[in-house]
Every structure is written in structure tokens, then in C-alpha cells.
Amino acid sequence: MKASIAMAGGLFSLLLAATGLAYAGGDNATPALAPGYGALGFVPPAVGSYELPALKMAPNGNVLDESGKQVSLYQVFGDKIVVFSFIYSTCGDVNGCPLATFVLNRLKKRMDADPELGANVRLVTISFDPEHDTPAVMRLYAANFKDGAGQWRFLTTASQQQLRPILDSYGQRIQREVDASGQATNTFSHVLRVFLIDRQRQIRNIYAVSFLHPDLVVNDIKTILRAPPIIARSSSKVATSAATKYSPAKLLARLQTPPLGLPPMPVPADNALSPIKVALGRKLFFDRRLSLNQTVSCAMCHIPQQGFTNNELATSVGIEGRTVRRNAPTLYNVGYKQRLFHDGRETALRRQIWGPLLNHNEMGNVAVGQIIGKIRSLQDYSNQFDQAFPTRGLDMETLGMAIASYERTLVSGNSPFDRWYYGGEKGAVSQSAKRGFGLFSGKAGCSACHSVGKRHALFTDQRLHNTGIGYARSMAIEPPTRKVEVAPGVVLDVATSIMRSVSGQAPADLGLYEVTQDPADRWKYTTPTLRNIALTAPYMHDGSLPTLRDVIEFYNRGGVANEELDTRIHPLHLRQQEIDDLVAFLSTLTGDDVGALVGDASSAPIGDPGGAATDGGVPQVTRAE
Amino acid sequence: MCAHTIMAIRSKKWLCATLLFALALADPVIVLAAPGDYRGGYDTPDYRTQSEDLLMRKGSAADLLGAVRNPPLGLPQVPIPANNPISATKIKLGRKLFFDRRLSLNNTMSCAMCHIPEQGFTNNEINTAVGIEGRTVRRNTPTSYNVAYLKRLFWDGRETTLEHQIWAPLLSHQEMGNPSPGAVIEKIRALPDYRGLFQAAFEGRGVSMETLGMALASYERTLVSADSPFDRWYYGKQDKAISVSAKRGFELFTGAAGCSACHKIGTASALFTDNAMHNTGVGYARTMQTMPATRKVTLAPGISVDVPTTIINSVGDARLADLGLSEVTQKPTDRWKYRTPSLRNVALTAPYMHDGSMASLGEVVEFYNQGGFFNESIDSRIHPLALTKSQRADLVAFLMTLTGSNVATLVDDAFAAPVGDWREGDPEWAHSAVRNGLGRHEEDTQ
């Protein structure tokens, strides 16, 4: 019978694979065996020491079980953690389906031996060759693996029509190979993928040939079992695990009485805040479709979890990995800033967006109309601009006004410093921090530019100053070595000459001069706010100072001398203890609700729901003919 | 030559201008302007430069709003967006902005310096534009004539509205060099001669990204030009309006040569463009073709020499890549597609093609006669035409009949426009340092 011969063929490859022999197939060369067949060559990370974020919802589908009954995938998954593989029984590629089956077999043995695995895991294998792999064939498979505690289900589908949506939704591209005369063969080409699916139906890992190994799968399963259930990814509202979540209305309410230490938020008369605008602005902020190739959103340089900047890069990286000249400024309290960008070239939040939107190295859009046309064509934005801006709808300015409305809600105050200095809470900050503040507003002279007022403090004078950082960069004045963090907590001193030898040329940067063309403005950059400074490393307009200590030592040396150096900058002669105190003080400037703001950002809808394709934003024009 | 004439008889500048203008209409590629500084008192210590050209510009304002409401014969109604209804106040403001060099980073470049009114609202002297401080721009300046009817702006069609088009040249490092929209807007806000103008034109709204674009677009919409000899012949039924050669050219244009497949002519009006994007091979040739060993360089009107390409390359910038529409859509099938320009006033808008690579209409016709430059994505409508020499001459004759009757009026009106940052008789005009309001603060004394 055809099925049994084919089954024999399949089992044969399985046996070969199980004994570790290479299958020569039609080639002369014997292919190297995938790592899954052998011993793992390294110690995997400790269970629970890493995260497996949800990649997407595992799609459902209609399938046939071993008895030929119509069931759904979810019914087969049940309430278990599932290892889900796609195979076809006549597969002769030792690193293809036989590998998947071999690894799942090893997993089954582990499940048989380990009660925790046996009780919580189910293996599911589905064929993508319904013509050949009928339920009867799959029953033969199942019969071989029915003993023991570990459950392993073998599924197929009734037809190509039933199979196709499952393949598409799991991203499986299958192609039946043809021979030289154009006849269809029994061989398929496909990319091997095995899916790890948790109890909430979230795909947590997708294994490929190069790392499908029973040890790694077991490690991942145990990590899932250890961790609390994670947030399901979907576009509907979800609860954050810990911190209070802010809705657009709540974000606005925080502005009614600004946090301790902050003044009332300046709002332009023609752009009063409203929940609709804030929600719309937030949606846009996280929407990667606002870039030329649908990959970069505002949030990808202004990462909420990284202080609304990027803690990992000195200067930003834009579309397709292009180099951006400067460090991404934090968006905390950006609503108070009068001069935007490090060179202060913009004065209105609603206009600022057009810098990154149209910058070739950032979001790469080539025309204003391209973005506006694209948003207009997106179903999930239809009539949102009309609702938010009834007399105007979507135009250059209302796009900026919506995003500005969201950005204005990113206020962060009521820090330990605020509670001590404005709130009178004597114990809110340490003695060291109090000494640090004394230096900050006294001997170290920081508050000359990083201003502190009687009732509130923005820690910026809203001006631009030359401290010498830009001069040093232009004149290539560099220390002999630079610290490079190669892994979290692992920092090496690398010779600057080595770094230069593998780096592109640093682009010229003359600061405010580029805006005013006045030589006196060379290398002047905006005074940033110091609120939440502990969250917004690395520092300076080019991210060249990695830690707060580095910053204070820079100012202690008197910046870098040059003919335009601000007169307020000079060597400070601080002792080590005083530097420690200043660092302690700066660390007290972190607002109290950062977690909630980040949590809100994490629950914001992310553009391109369901992976809908867009057409690249070509302006839609009705043809003349 | 006119400069000396002016020095002698200053009151007759208008006559000089008109004479030059008459010459211009006869030979479309003559340079109208008389460049140079007024050199009176050159040897004195308080000498100040003044442009002769500006002194000559004594045009007369035209009824631009009337032209938009009643476009000349051969043109349809001017499309006006609902959110920017046209008005005389907006037009006047837009015209003032169009000629204002303070809209650039260092107060040297206005829109009119690439879109030169007396050079067909483009530039007849260079292939590709030159921006602030002499920076190289990739493409030829498109004419502003009839720009109101275009659905795709820029050669790669990346913009769809006139109101938004302005931001590309304003913010381009190579063109007007402004670092941000705010730099432009704050500068205009600080200029006393703009006080109240935006509020008057836009019902109380001051200068902003949108109103700046709306004002300029309103002026640009008035540059409609038609009622050409062709229009009077084809729509006006005046049989003698064009020559027999031009009539034959028209037959070829709409027949064997197939031009009107893209350069469309309608029954009641003609835009001479299908507002679509096509690959004719010009862009492909520029990217893929090795340059010939020598190139013709025009040193002076009528005087050309063949210069070895190696010499030209040794003193020039490397050629910039240009992939046309695919830079906008990211689709390989859109490579080297550029928009169909209108052919109205084409006699005035040399050089031709998106890179200005063809100096004369004869060259253009020859290019299409050869079937463009073949490449895998070439438009299916392009193929060798096998036209004879006299047929090609007929086509050129036809194209020469597309010049509108109001060109002199529009240029005259442009000459009457105030030129930002210049006031006649103001000795300080060249040296007024107009900051964009983002520079030093007076209080920096601490």
C-alpha cells in the first residue's frame, strides 16, 4: 500500500537520522549534520535568566487528527506548552523533517522521564502534504510514539484549501519540486521552523536548523514555566503587570496639576490638549509606517524603556542602519523646551517632527506629501484627524500638533530632589546628595545654566553654550583610549586609534553656527534639562560621555578650552568626595512615575496592526487616461 | 552692454529692458539679464555694490487673479484646493515671498534664482540647478509655467501639492539651505516688511508651515500660460495661426511620432502631459552609460568647444546617482521613471530632460527618433520612429508654436514684484545682517 511504503521510507530516514548516519541522498557530498543531532557545544544560559518575549499569537486552524476527525489546532494544543513542527513524511533531507522529528523524539524521551515536562508540554507535528499524508499515515507515526507520559500528536489536513491558511499564518512557504522534465516530485522545499507556543497561545520562540536542539527547547520550556504569564500581544487593551497604567485621559490629568517641581505646561492657544489628540499622537509616535520603508518610528530612537532616548548608542541609527550625527535627546519634559534639537534650530514641537521625518538618515521620507498621503490611505487612521482637528483634518501642522500633544504629556517630576527641596521632606535625599546640591548651586556653578528656581526647576536656561565638547570633536582631540561596553557590565579600554581604523569619518558638527552662520556660535549646543538624567545616558550632544561621573570630570577639567568657550566654564578643583556627591545629587532627579509612563507607552497600539502591507506611500493620483 | 547704456540714460532703462525682451522672444535662449554691479563711484571709499539687473527691473503688475479665474485659451479651469481658496492678497504675498532671498540660510537664494522669470521660470544657462554657495543640485529646474495643473511635482513625482512642494528646496542643504522650518518661519516673523501680511491673507493666521506654502502656491497658480499660436489654430480655429510645417509637425505629434500618448491634447484644452511617470531611458543612460570621450561645452553664446571628459571630471563633482521614481516607492520597476512635463512654453525652457542633458528641441526629437535609450524597463510606447530630417524639423516647428501669448506680461509682472531685502536707494541693503532670530541673546553678559 502506498501509505505504508511511503511510511517505511519516512521511518527509514528517521532511523538513519536517529543512528546519526548521514544520508547521502542524490548528492556525492555527505551533508554535515545539524547541531540538533549531536551534543550541544555550550552551556545554555540558566533557566529563567533570560526572557522569551511574545512574538505573536499562534494562529488557529482547521486540521484532521489521527482518527480523521476535524478539530482545531487550539483544541489539539489544549492547555499545554506546545512544540509545533511542520513535516512531510517523504522528506529525505537529513537536516529537514527528520531533524525535527529526531529532536521531538528526544524531547518525548525527556518528557517521559521528567514529570514536569510530561505534564505541561505537548508535541504537535503537522504534515503539509495532505495528498500523501492522510490521517492513516499520521496514525502510523503516532503508533510509534504512544507509550510514555509525553504526548505527541500527529495532524494533517483535509485538503490544500484547509492547509493553505495555516501555512500562510505560520509563515511557512512550501514549494513542491519539479524534476528536469517538469514532473512534480515527492520532494518539497521549505524552510524548517519549529514553534514554541505557550499556554496563552503566544509564540515564544521559533527554532531554525542551526539551533534546534532538545537541550535548548527544554531550557526554554522551563524558563516559560518559571516566569509569570506575560502580556499577550494584541491590539486590544491589556493590563500591565505591575505599574499603574495611564490612559490618554489620565496622561492629561497629570498636567492639570503638574508634578512637584515643575511649572504649568505651556500649551499653544491653537492646540489645546484633548484626550483624542493625545491618543492620536501616541498612536503616531509608535507607528513605524511613518518612515520610508515602514521600519522606523519615533519610538525607535526615543525608546520609552530607555529614558525616551537610547542608552545603547552614542549617536542614533536611522533607517537601514544609517548614521545619525547626534545623540537622541530625551523626551521627558520636552514640552517645556523652547529650543529643540541640540543646535536649537527649531522652536515649536509641532514643527520638530519634520526634521526626523524628512531626514535621509533617520526616517528617510522624501516628501511631505508622501507621509500625509500614506496616513490618509491607512484605514486605522480614517477620520481620526477629522475628530481631533475638526476644522482642518490632516495637514502638515495637525500631524505635528497631534504628536506634540502626546509629547507634552511626558512630564516627569516629584523626584526625591523635588520632595526635599520643594516639598520640605528632609529625609527624601541622602546627605551626600544634599552636599552635591550645595556644590551644584555653589562652587561647581552648574546652576548658572542648569537653572533651579524658587518654586520649580527645569534645570535648563533654554540657551545654548559652548563647553568645548563640540570643539574637541571637530579638532579630533581624543583621549588615547575609550571605554567600550561589549556586554552588559563588561567594559574594555580600547585604543582610540583602533576604533578610528574601523569607523567612518565622524561628520563635522558646528552646533548653533550651522543655524545662524555666526562664527561666535560655533560649537554651541542647547543646555539640556537634567531631570531623569540618570535614565538618559550617554551624555552630551554626541553621546561621548557614557556616565555622569565622566560628565562631572569633564566639567571639573574646565571643559575643553577654545576661543568660543563659555565664560562660565573653568576648572573646578573638585575632590573625589565632591564628585561623588554631585553624582549622588544628579541621581535624585528621577521622577516618581517613570514606570507608569513607560507602562503606558508599552500598551500603546503599535502601527501596522496585523502586518498589513502598505504600498510604499506612493502619492495616489488618478490617471489621466 | 546695457549697463553702459543705463549709466548714460538712466531714465531709459525700461526701453533697454523691452528691447532685450523683444530679442528674447525672437530667439528663446538669449540671456535677458545684464549681470554686473553698478560701478558708479567705484573708486570712492563709501562705494556700495548694487545690482544693475535689479535697477532694470521696472515691470508692471498684471491681473494675476483674473488669469486664474479665466485661464487663457487652451487651458482648463485652474484646480484650487478647498483649503486654500485663491485671493489677490494671497497672490501678492506669495509673489513677495517668491522673490525674497531672505528665505535662504544666508539670505542669498530666493525661489526666483532657480525659477528665473525671464528664463522661462527655469534656468537656460545650466543643465542642473546651482544652490546656496554654489552647491550642486542633481536635477534641472522645472518651469513654473502652468504648474497649477500638475498632479506630480518634482521630476520624481514625490510631491502632490504645491503647498508642500516648497519645503524641499527650502530645507535642502544644496538649494536654500535652511536647517529647519522654524528657522524660516522665525525669520519671516521677525521681518518688519511682512508684519500683518499673513494675518491679512489668512484670516488672522500668522506665518506657519501651512500658510507659507499656501501663499507661495497661490502665486504659482497664477503662472498660467496659453493662448499660443497652437491654441489659436487648434481651439480658436484660426487657420493661419501656425505655419504649414508646424501643422505637419502636429500630425506627426499626434500620429506617427506618438508623442501625444503621454503629452496629451484634449478636445477643449491641452495640458500636454498625462501627469504620469515614464522611463524613456534618459535616467538609465545617465546611470549606466559610459561618458563619451569628449563633451561639448558652450563657452559663450554660439561658441562651443570639445573638451575631453577626463578634464571635466577632474574639476567636477562625481555624478550623483539618480533612480527617479524608485527613490520614492522603493520599487525596482520604477527605476528611471520621471514625470511627463507639460510642453507648453517648451521653447523657453531649455535645456531639456530631468538632468538638462539636451540643449535643444532638435536633440530631444532626435532622442525619441532613436527610440530613447533602450533598457529593460523602458516605457512600451517608446520605439524608434524613423522620421526624416524634414519631419523632425516639422516637429520642432510645432513645438515652437506652444509659447503662450502672456509670457511678456507674466515676466513684466515678475519684474514689478518687490525683491526681498533690496530697496532702491538704500545704501545698507547689501549689508543688512538679517538674523533668523535664533542667534545670540543680548543678555549673554553674565
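Predicted, not measured: the structure shown is a model, and the values here were computed from it.

Chemist: Would you explain the overall build of chain B in this entry?
Modeler: Within chain B, the regular secondary structure consists of 18 helices and four strands. When burial is assessed residue by residue, chain B has 51% of its 446 residues classed as buried. For chain B, restricting intrachain contacts to residue pairs at least 6 apart in sequence, the fraction spanning at least 24 positions comes to 66%. Of the accessible surface of chain B, which amounts to about 20200 Å², a share of 57% is contributed by carbon and sulfur atoms.

Chemist: Which parts of the structure should I look at to understand the overall build of chain A?
Modeler: In terms of helices and strands, chain A carries 22 helices and 14 strands. Counting over 625 residues, chain A shows a buried share of 51%. A sequence separation of at least 24 residues applies to 69% of the contacts in chain A between residues at least 6 apart. Looking at chain A as shown, the accessible area adds up to about 27800 Å², and 55% of this sits on carbon and sulfur atoms.

Chemist: Even after reading the chapter, I still don't get the side chain of serine 127 of chain A, so can you show me in this structure?
Modeler: All names here are of chain A. Mapped onto the elements of the fold, serine 127 is located in strand 5 (residues 121-127). In this structure the side chain of serine 127 is engaged in a polar contact, spanning 2.9 Å, whose partner is the backbone nitrogen of aspartate 129. Of the polar contacts made by the side chain of serine 127, one reaches the side chain of aspartate 133; its length is 2.6 Å. In this structure, serine 127 is in contact with Ile87, Tyr88, Asp133, Met138, Leu155, Thr156 and Leu163, ignoring residues within four places of it in sequence.

Chemist: Looking at this structure, how should I read the nonpolar core?
Modeler: Among soluble globular proteins, nonpolar side chains are generally buried collectively. Ranked by internal contacts, the top residues of the largest apolar core, which has 106 residues, are Leu284, Trp354, Phe385 and Leu399 of chain A together with Leu97 and Phe198 of chain B. Considering every element that reaches this core, the biggest residue donor is helix 14 (residues 396-408) of chain A, with seven residues. Dropping the residues within four chain positions of it, leucine 284 of chain A is found in contact with Leu290, Ile375, Tyr381, Phe385, Leu399, Ala402 and Ile403 of chain A.

Chemist: Sorry, what's going on with the pairing of strand 6 (residues 151-155) of chain A here?
Modeler: Each regular strand carries side chains that alternate between the two faces of the sheet. Of the pairings in the sheet, the one linking strand 5 of chain A to strand 6 of chain A comprises five bridges and is parallel in character. Considered in strand 6 of chain A, the bridge of isoleucine 126 of chain A is made with leucine 155 of chain A.

Chemist: Even after reading the chapter, I still don't get the pattern of salt bridges, so can you show me in this structure?
Modeler: Here the idea is simple: oppositely charged side chains can pair when their charged atoms come close. Within the structure shown, the criterion is met by 63 salt bridges over all chains. The salt bridge partner of arginine 176 of chain A is glutamate 131 of chain A, with a shortest N-O separation of 3.7 Å. Here the residue arginine 176 of chain A occupies a position in strand 7 (residues 175-178), and glutamate 131 of chain A occupies one in the loop between strand 5 and helix 5 (135-144), the gap between them amounting to 45 residues. Owing to a relative accessible area of 30%, arginine 176 of chain A belongs among the partly exposed residues under this scheme. For aspartate 231 of chain B, the salt bridge goes to arginine 344 of chain B, with nearest N and O atoms at 2.8 Å. Here aspartate 231 of chain B, found in helix 11 (residues 229-234), pairs with arginine 344 of chain B, found in the loop between strand 4 (338-339) and helix 16 (361-369); they are 113 residues apart in sequence, far enough to count as distant. Of the two residues, aspartate 231 of chain B and arginine 344 of chain B, neither departs from the other in class, the shared state being buried. Here the salt bridges do not stand alone but share partners, grouping Arg325, Arg326, Asp343, Arg345, Asp509 and Glu514 of chain A into one network.

Chemist: In this structure, what is going on with the sheet that holds strand 10 (residues 202-207) of chain A? I would like to understand it.
Modeler: The strands making up a sheet are joined through hydrogen bonds of the backbone, oriented either antiparallel or parallel. All names here are of chain A. Here six strands make up an open sheet; going across it, the order is 1-10-9-4-5-6 and the pairing mixed. At either end of the open sheet lies a strand with only one pairing partner, and these are strand 1 (56-57) and strand 6. Direction of pairing for strand 9 (residues 194-197) relative to strand 10: antiparallel, over a ladder of four bridges. Its bridge partner lying in strand 10, leucine 196 is registered against asparagine 205.

Chemist: Looking at this structure, I do not really get the environment of proline 528 of chain A. What am I missing?
Modeler: Residues and elements named next belong to chain A. Note that proline 528 resides in the loop between strand 14 (525-526) and helix 20 (548-556). Each C-alpha atom of the pair proline 528 and threonine 330 lies 9.0 Å from the other, and the pair is 198 residues apart in sequence. When residues no more than four places from it in sequence are discounted, the contact partners of proline 528 are His450, Phe459 and Thr460.

Chemist: So what exactly am I meant to see when it comes to the pairing of strand 5 of chain A here?
Modeler: Residue and element names in this part refer to chain A. Burial analysis of strand 5 places seven of its seven residues in the buried class, which makes it a mostly covered element. Burial along strand 5 is two-sided: Val121, Leu123, Thr125 and Ser127 and Arg122, Val124 and Ile126, pointing in opposite directions, are all buried. Examined bridge by bridge, strand 4 (residues 81-87) and strand 5 share seven bridges and lie parallel to one another. Bridge pairing in strand 5 places isoleucine 81 opposite valine 121. Handedness of the crossover joining strand 5 and strand 6 through helix 5: right-handed.

Chemist: What is the right way to look at helix 20 of chain A in this model?
Modeler: Given 3.6 residues per helical turn, the α-helix brings residues three or four places apart onto the same face. Residue and element names in this part refer to chain A. Of all the residues in helix 20, the buried ones are Leu548, Asp550, Val551, Ile552, Phe554 and Asn556. Summarising the contacts, the buried residues of helix 20 are in contact with helix 17 (469-474), strand 12 (481-487) and helix 21 (576-586). Glycine 558, located one to two residues past helix 20, shows a positive phi value of around 90°.

Chemist: Looking at this structure, I do not really get a nonpolar patch on the surface. What am I missing?
Modeler: On the surface, Val486, Val490 and Leu492 of chain A cluster together to form a nonpolar patch covering roughly 250 Å² of accessible area. Summarising the element assignment, valine 486 of chain A is placed in strand 12.

Chemist: Where do I start with the packing of helix 16 (residues 431-440) of chain A against helix 21 of chain A in this structure?
Modeler: Packed helices, taken two at a time, are described by the angle between their axes plus the distance between the axes. All names here are of chain A. Packing of helix 16 against helix 21 leaves a shortest axis separation of 7 Å and a crossing angle of 100°. Between helix 16 and helix 21, the interaxial angle falls into the category roughly perpendicular. Along the contact surface, helix 16 presents Ser432, Ala433, Arg435, Gly436, Phe437, Leu439 and Phe440, while helix 21 presents Gln577, Glu578, Asp580, Asp581, Leu582, Ala584, Phe585 and Leu586. For the contact of helix 16 with helix 21, the residue count by class is eight nonpolar, three polar and four charged.

Chemist: Teacher, can you tell me more about helix 12 (residues 368-377) of chain A here?
Modeler: Counted residue by residue, helix 12 of chain A has seven buried out of ten residues, so it is predominantly covered. When helix 12 of chain A is considered as a whole, its buried residues turn out to be Val368, Gly369, Gln370, Ile371, Ile372, Lys374 and Ile375 of chain A.

Chemist: Honestly, the side chain of aspartate 114 of chain A in this entry has me stumped. Any pointers?
Modeler: Residue and element names in this part refer to chain A. Relative to the helices and strands, aspartate 114 resides in the loop between helix 3 (97-113) and helix 4 (115-120). When its relative accessible area of 18% is taken as the criterion, aspartate 114 is described as buried. Engagement of the side chain of aspartate 114 in a polar contact is seen with the backbone nitrogen of glutamate 116, the distance being 2.9 Å.

Chemist: What's the story with the packing of aromatic side chains in this structure? I'm lost.
Modeler: Centre-to-centre distance and the angle between the planes together describe a pair of aromatic rings. Tallied over the full model, the rule gives 62 aromatic pairs over all chains. Residues phenylalanine 145 of chain A and tryptophan 152 of chain A carry aromatic rings whose centres are separated by 4.4 Å and whose planes lie at 35° to one another, so their mutual orientation is tilted. Arranged with centres 6.0 Å apart and planes meeting at 45°, the rings of tryptophan 233 of chain B and tyrosine 234 of chain B form a pair that is tilted. A relative accessible area of 27% places tyrosine 234 of chain B in the partly exposed class. What links up through ring pairs into an aromatic cluster is the set Phe417, Trp420, Tyr421, Tyr422, Phe437, Phe440, Phe459 and Phe585 of chain A.

Chemist: Explain the confidence of the model for chain A here, please?
Modeler: Low pLDDT marks stretches whose predicted atomic positions should not be read closely. Residue and element names in this part refer to chain A. Taken over all residues, the pLDDT of chain A has a mean of 87, while the share at 70 or more is 89%. Confidence scores differ between elements of chain A, with helix 1 (residues 2-19) showing the lowest mean pLDDT of 47 and strand 14 the highest of 98. Within the model, the stretch residues 1-6 combines pLDDT values under 50 with five contacts to residues more than four positions away or in other chains. Throughout residues 610-625 the model reports pLDDT below 50, and contacts reaching past four residues in sequence, or to other chains, amount to 26 contacts.

Chemist: Explanation requested: the state of the cysteines in the structure shown.
Modeler: Linking two cysteines covalently through their sulfur atoms gives a disulfide. Residues and elements named next belong to chain B. Across all of its chains, the model carries zero disulfides over all chains by this definition. Of all cysteine sulfurs in the structure, the one in cysteine 259 sits closest to cysteine 262, which takes part in no disulfide; the separation is 9.3 Å. Cysteine 262 sits in the buried class, given a relative accessible area of 13%.

Chemist: What is the right way to read the environment of glutamate 312 of chain A from this model?
Modeler: Its place among the elements puts glutamate 312 of chain A in the loop between helix 9 (275-285) and helix 10 (349-352). Between the C-alpha atom of glutamate 312 of chain A and that of proline 538 of chain A, which follows or precedes it by 226 residues, the distance is 7.8 Å.

Chemist: I'm lost on the environment of leucine 191 of chain B in this one. Help?
Modeler: Residues and elements named next belong to chain B. With respect to the helices and strands, the residue leucine 191 is situated in the loop between helix 8 (181-190) and helix 9 (197-201). Here leucine 191 falls in the buried class, since its relative accessible area comes to 6%. For the pair leucine 191 and arginine 102, spaced 89 residues apart in the sequence, the C-alpha separation amounts to 9.5 Å.

Chemist: Help me understand unusual backbone geometry in this model?
Modeler: Backbone geometry follows two general trends: most residues other than glycine have a negative phi, and most peptide bonds adopt the trans configuration. Following alanine 537 of chain A, the chain continues to proline 538 of chain A via a peptide bond in cis, the omega torsion being -10°. Mapped onto the elements, proline 538 of chain A comes out in the loop between strand 14 and helix 20. With a phi angle near 85°, methionine 540 of chain A is a residue other than glycine that sits in the positive phi range. Residue position: methionine 540 of chain A is located in the loop between strand 14 and helix 20. Even without a glycine there, the phi angle at glutamate 133 of chain B is positive, about 55°. Mapping glutamate 133 of chain B onto the fold places it in the loop between helix 5 (88-98) and helix 6 (162-165). Under the relative-accessibility criterion, glutamate 133 of chain B is labelled exposed at 56%.

The rules behind each value
- Every chain is numbered on its own, with residues counted from 1 as its sequence reads.
- Working convention: letters from A go to chains and numbers from 1 go to ligands, in the order in which they are written.
- Side-chain atom pairs in this predicted model are given and counted only at pLDDT of 80 or more, local residue features only at pLDDT of at least 70, and totals for whole chains, interfaces and linings cover all residues.
- Note that the side-chain values use all heavy atoms of the structure and ignore hydrogens as well as water.
- For the purposes of this entry, the term helix denotes a DSSP run of H or I that reaches at least four residues, the term strand denotes a run of E that reaches at least two, and both are numbered from the N terminus.
- Think of it in three bands: with a 1.4 Å probe and only protein chains considered, a residue is buried below 20% of the maximum accessible area for its type, exposed above 50%, and partly exposed in between.
- Between two residues, a contact is recorded if the distance between any of their heavy atoms is within 4.5 Å.
- Every accessible area reported is derived by Shrake-Rupley at a probe size of 1.4 Å, with residue values counting cover from the shown protein chains alone.
- Counted as a polar contact is a pair of N or O atoms within 3.5 Å, where, for protein atoms, one must be capable of donating a hydrogen and the other of accepting one, and residues adjacent in sequence contribute only when both atoms are in side chains.
- To define a nonpolar core, start from buried Ala, Val, Leu, Ile, Met, Phe, Trp, Tyr and Cys residues and group those joined through side-chain atoms within 4.5 Å.
- Strands pair, by our definition, only if DSSP identifies at least two bridges between them.
- The salt bridge definition used is simple: a Lys or Arg side-chain nitrogen within 4 Å of an Asp or Glu carboxyl oxygen.
- With its strands directed away from the observer, a crossover is right-handed exactly when the path from the first strand over the helix to the second travels clockwise.
- Patches here: salt-bridge-free residues with over 30% relative accessible area, like charges joined within 9 Å, nonpolar side chains (Val, Leu, Ile, Met, Phe, Trp, Tyr) joined within 5 Å.
- Axis geometry follows a simple rule: fit a line to the C-alpha atoms, using only the stretch in contact for helices, then measure angles between N-to-C directions, giving values from 0 to 180 degrees.
- Orientation is classified from the angle alone, with under 35 degrees giving roughly parallel, over 145 giving roughly antiparallel, 65 to 115 giving roughly perpendicular, and any other angle giving oblique.
- Basically, the charged four are Asp, Glu, Lys and Arg, the nonpolar ten are Ala, Val, Leu, Ile, Met, Phe, Trp, Tyr, Cys and Pro, and anything else, Gly included, counts as polar.
- For this analysis, a ring pair means two rings from Phe, Tyr or Trp (six-membered ring only for Trp) whose centres lie within 6.5 Å, classed as stacked if their planes differ by under 30 degrees, edge-to-face if by over 60, and tilted for the remaining angles.
- You can read pLDDT as the predictor saying how much it trusts each residue, on a scale of 0 to 100.
- The term disulfide is used for any two cysteine sulfur atoms that are within 2.5 Å.

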